Amino acid sequence: MEIKKEQNGSVLKIALVGRLDAVTAPELDKVVQNELAGVTDLTFDFSELVYVASAGLRVLLLAQKRMKKQGSMKLTHVNSDVKDVLEMTGFIDFLTIEE
């Protein structure tokens, strides 16, 4: 998986390319742990994310909890396969998803 970051002041956009699974989730977890200080608007761009596993969902949950305290978080360009996983796990109910 590749992680592309764009930051403009307190706005951070993270684009994920490939698969967010047990192998790649720790890399995203490091970004979430270390780079959200001062961020009030976090966007995950999933236009090139093809798969998400439970380890990836855990990182998204941690990011959501943190951003709830300091601003907002949304997912954009979520494909149907990833959206199906979010629906089956109930994540769709508390994550903000935009087209």
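Residues numbered from 1 in each chain as written. Predicted model: local features only at pLDDT ≥ 70, side-chain atom pairs only at ≥ 80, totals over all residues. Heavy atoms only, no water.

Draft legend 1. Layout of the UniProt feature "domain: STAS" (unreviewed entry) in the protein chain. Those places that UniProt annotates as "domain: STAS" (unreviewed entry) correspond, in this numbering, to residues 1-99. Each end of residues 1-99 is marked by a C-alpha atom, and these two atoms are 22 Å apart; helix forms 37% of the span and strand 36%. (UniProt positions renumbered as here; feature names shortened; annotations may be inferred. Helix = DSSP H or I, 4+ residues; strand = E, 2+ residues; numbered from the N terminus.)

Draft legend 2. Quick look at the nonpolar core. Core analysis: the biggest nonpolar cluster contains 28 residues, and I14, L16, L28, L42, F44, F46 and L75 have the highest contact counts within it. Of all the elements in the fold, those that place two or more residues in this core are β2 (11-20), α1 (25-34), β3 (41-52), α2 (54-70), β4 (72-76) and α3 (80-89). Among all residues touching I14, those that are not within four sequence positions of it are I3, K4, K5, L28, V31, L42, T43, F44 and D45. (Core = buried A, V, L, I, M, F, W, Y, C linked by side-chain atoms within 4.5 Å. Buried < 20%, exposed > 50% of the residue type's maximum accessible area, 1.4 Å probe, protein only. Contact = heavy atoms within 4.5 Å.)

Draft legend 3. Representation of unusual backbone geometry. Here the phi dihedral of H77 falls at roughly 55°; this positive angle occurs in a residue that is not glycine. Taking the relative accessible area as the measure of exposure, H77 reaches 42% and is therefore partly exposed.

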